[in-house]
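Descriptive structure summary
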Amino acid sequence: MTFKGALFDFSGTLLRIEPTEVWLRAVLDDEGLSVPPDDFARYVRRLEAAGALPGGAAPQRVPPHLAELWATRDESAERHRAAYTGLAREVVLPDARLYDALYERHMTPAAWRPYPDAAEVLGELRRRGIGVAVVSNIGWDLRPVFRAHGLDVWVDAYVLSYEHGIQKPDARLFRAACEALGHHPRDVLMVGDDRRADGGAAELGCAVHFVDHLPADERPAGLRPVLRLVG
């Protein structure tokens, strides 16, 4: 089958967030804070277990007082920030400034790395005349990240959950993306790493292809099968 459009998830599909230890180290350095190595390793372990890094590991346990907020975190910028800083605050860090600083860090281009074949695949889709939209469950504007990494030139539309007040797997978000590209869902392929969230596109009639949510250097060619699938 030949597709006229392709939808891509952001985190874990086109780009990957930096490791927790790099995230924490960058913020400590920015804040001019130094901690002993054993304490640093403990903070990293506990932040990972808490799921405090957006795009990183999921929480091992969501505290009851954050459960409702966590379930709807991608519906607004305010909820997204509150959910992730709330999880981070489950970890006792050496300075109260770090909770907001960590959240701010994850929104910077430096915190994200494109998968090695992302530019190649998006560029080839453009050469073939296939429209591309990014459909993301997110609480902030990722467009500057795409611009900084040179990927924005191949993206025709961004459909971000917090701008619509709905989150994947809600079919309305995928419908908005198909409409932005001007194509019927049956002519569009959705590419993502989350079978529940990204699989919601199938409800509209989109074909769906999944990639593995792996560190960037462990998935050098995971997007290339998309070029075969689109025809």
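Residues numbered from 1 in each chain as written. Predicted model: local features only at pLDDT ≥ 70, side-chain atom pairs only at ≥ 80, totals over all residues. Heavy atoms only, no water.

1. What about the environment of G12?
Going by this rule: Only DSSP runs of H or I covering at least 4 residues are called helices, and only runs of E covering at least 2 are called strands; the numbering of each starts at the N terminus. Note on classification: 1.4 Å probe, protein chains only; a residue is buried when its accessible area is under 20% of the maximum for its type, exposed when over 50%, partly exposed between these limits. Residue contacts follow a heavy-atom distance rule, with two residues in contact if any of their heavy atoms lie within 4.5 Å.
Structurally, G12 is set in the loop between β1 (5-8) and β2 (15-17). We classify G12 as buried; its relative accessible area is 0%. Sequence-wise, G12 and G55 are 43 residues apart; in three dimensions their C-alpha atoms are separated by 7.2 Å. Not counting residues up to four positions away in its chain, the partners in contact with G12 are Y115, D193, V211, D212, H213 and R219.

2. Brief notes about the sheet that holds strand β6 (residues 188-192)
Operational definition: We call two strands paired when DSSP finds no fewer than two bridges between them. Only the stretch in contact is used when a helix axis is fitted, and all axes are lines through C-alpha atoms; the angle between N-to-C directions ranges over 0 to 180 degrees.
Within the open sheet, the 5 strands sit side by side as β5-β4-β1-β6-β7. Their pairing is parallel. Of all the strands in the sheet, just β5 (157-160) and β7 (207-210) have a single pairing partner and so form its edges. Averaged over all adjacent pairs, the angle separating strand axes in this sheet is 20 degrees, with direction ignored. Sheet analysis places β1 next to strand β4 (residues 131-136), joined by 4 bridges and oriented parallel. Paired with L7 across the bridge in β4 is A133. Helix α6 (residues 118-127) rests against β1 and β4 of the sheet, and its axis sits at about 155 degrees to β1. On top of the sheet, helix α9 (residues 171-181) reaches β1, β4, β5 and β6; it is set at about 155 degrees to β4, its chief contact.

3. Some details on the layout of surface pockets
Applied cut-off: Cavities and pockets were defined on a 1 Å grid built over protein atoms only: a cavity is a set of grid points that admits a 1.4 Å probe from which the probe cannot escape, a pocket is an open set flanked by protein on both sides within 12 Å along at least five of seven lines, and lining residues are those with an atom within 4 Å of any such point. Grid points are joined across faces, edges and corners, and a volume is the space filled by probe spheres set on the points. For this classification, Asp, Glu, Lys and Arg are treated as charged, while Ala, Val, Leu, Ile, Met, Phe, Trp, Tyr, Cys and Pro are nonpolar and the rest, including Gly, are polar.
In this structure, the largest pocket occupies an estimated 680 Å³ of space. Around the largest pocket sit 32 residues that line it, and R73, D74, Y84, N137 and D194 are the ones nearest its centre. Mapped onto the lining of the largest pocket, the elements with two or more residues apiece are α3 (67-71) and α4 (77-88). A per-class count over the lining of the largest pocket returns 14 nonpolar, 10 polar and 8 charged. If you add up the space inside the second largest pocket, you get close to 320 Å³. Sorting the residues of the lining of the second largest pocket by element identifies β2, α1 (20-30) and β3 (112-114) as the ones contributing at least two each.

None of the figures reported here should be taken as evidence of function without further support.
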